[in-house]
Amino acid sequence: MEWYNDYPHLGYDWEGKKILKPAKGDELDRFLKRMDDPEFWKTVHDKSTGQDVVLSNEDVDLIMRLQQGKLTGQGDPYEPYEDVFSGEVMKTSLVTRPPHKRSFIPSLLEKEKVGKLVHAIKMGWIKPWKPQTDSTEEPEPQFYALWEKEKTEDPQSKSARARERNATKAPKMKLPGHAESYNPPPEYLLTDEEKKKRLEQDPEDRTLDFVPRSYPSMRLTPSWMPLARERLDRCLDLYLCPRKTVLKVHVNPEDLIPKLPKPKDLMPFPTVQAIIYRGHTGIVRGISVHPDGQFFASGTDYFPCIRSFCA
């Protein structure tokens, strides 16, 4: 019906006359009709005819049963099942043709599916079934990463969500203190006796893995020169790396869209009356056109007659 959106009619009847669209009111008329008409809630719009149709009580009951997922017909939904087909297999074939080739040749589709399953088992994506062992044997210990997610597990599955909800959080690293500064306070510096005592201790018993030292500035630290040299080398690599000129093509996006004809030019019905053929007084029931398109004949059931016209 979208072809008639720009016209005041909906189509044509059997006599070729236009069927005008029914009058439509505005929102105020619709509001007044909703307040005054008690059957407004049962009124639906028919797109094929463009008219408003009032549903009957049977239609409303049928729609409500469909929304609730109930049976639309009447009767007992739990009637006993009657097997009208026989379960006996006939030994004599009903046809005389030989069996198909696919009945005794392995299917290529099944072969491909089996190959995919074998490959999945080899890659570890699918774990085959293991036979059950005796309960007297002790189960082997199973180890797994505590904070690592399983790659084969679906992240949206119920077990994966439960694992994330009940997971133990990984411990956080200790934040650096004053002793790790390039110019720590004097109380964090070790004396000669403390340094000698630290050397006598085992590495596991030492409180710090390093000896705190004081520097006037950060540039005098031992790691400053290697860090600055590394940054310089990276900048030189980025600056001296070869560059390639890429030509950019400027294209208007509208030029890439094909020009489509107007919808009015593609309407499947004529809009202009070109010629009228007169001669019949009744309804024309059939038309036959000559192969060369020069003549055609029409027939009617009113005083059955056939007339020929020149196109």
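A few points on the structure. Values in this document were obtained by computation on a predicted structure and should not be read as measured data. (Residues numbered from 1 in each chain as written. Predicted model: local features only at pLDDT ≥ 70, side-chain atom pairs only at ≥ 80, totals over all residues. Heavy atoms only, no water.)

### A look at the side chain of Lys42
Within the secondary structure, Lys42 sits in the loop between helix 1 (27–36) and strand 3 (43–46). For Lys42, the contacting residues outside a window of four places in its chain are Val53, Val54, Leu55, Asn57 and Val60. (Helix = DSSP H or I, 4+ residues; strand = E, 2+ residues; numbered from the N terminus. Contact = heavy atoms within 4.5 Å.)

### Topic: the pairing of strand 6 (residues 295–300)
The sheet contact formed by strand 5 (residues 284–289) and strand 6 spans five bridges and is antiparallel. When the sheet's bridge partners are listed, Ser288 is paired in strand 6 with Ala297. As consecutive antiparallel partners, strand 5 and strand 6 are separated by five residues, and within that stretch Gly293 has a phi angle of approximately 75°, a positive value. (Pairing = 2+ DSSP bridges.)

### Some remarks on the packing of aromatic side chains
By the definition in use, this model includes three aromatic pairs. When the ring of Tyr277 is compared with that of Phe296, the centres are 5.1 Å apart and the planes differ by 85°; the resulting orientation is edge-to-face. Of this pair, Tyr277 sits in the loop between helix 7 (253–256) and strand 5 while Phe296 sits in strand 6, and the two are 19 residues apart along the sequence. Taking the relative accessible area as the measure of exposure, Phe296 reaches 15% and is therefore buried. Each ring, one from Phe296 and one from Phe309, has its centre 5.4 Å from the other, and the planes form 25°; the classification is stacked. One end of the pair, Phe296, is in strand 6; the other, Phe309, is in strand 7 (residues 305–310), with 13 residues separating them in the sequence. You'll find Phe296 and Phe309 in the same group, each marked buried. Following the ring pairs from residue to residue traces out a cluster consisting of Tyr277, Phe296 and Phe309. (Phe/Tyr/Trp six-rings, centres within 6.5 Å; stacked < 30°, edge-to-face > 60°. Buried < 20%, exposed > 50% of the residue type's maximum accessible area, 1.4 Å probe, protein only.)

### Things to note about the sheet that holds strand 5
Read from one edge to the other, the open sheet built from three strands follows the order 5-6-7, with strand pairing classed as antiparallel. This sheet does not close on itself; its edge strands, each paired only once, are strand 5 and strand 7. For this sheet the average axis-to-axis angle between neighbouring strands, irrespective of direction, equals 20°. Inspection of the sheet shows strand 6 paired to strand 7 by six bridges, in the antiparallel sense. Residue pairing across strands places Ser298 opposite Arg307, the latter belonging to strand 7. (Axes fitted to C-alpha atoms, helices over the stretch in contact; angles between N-to-C directions.)

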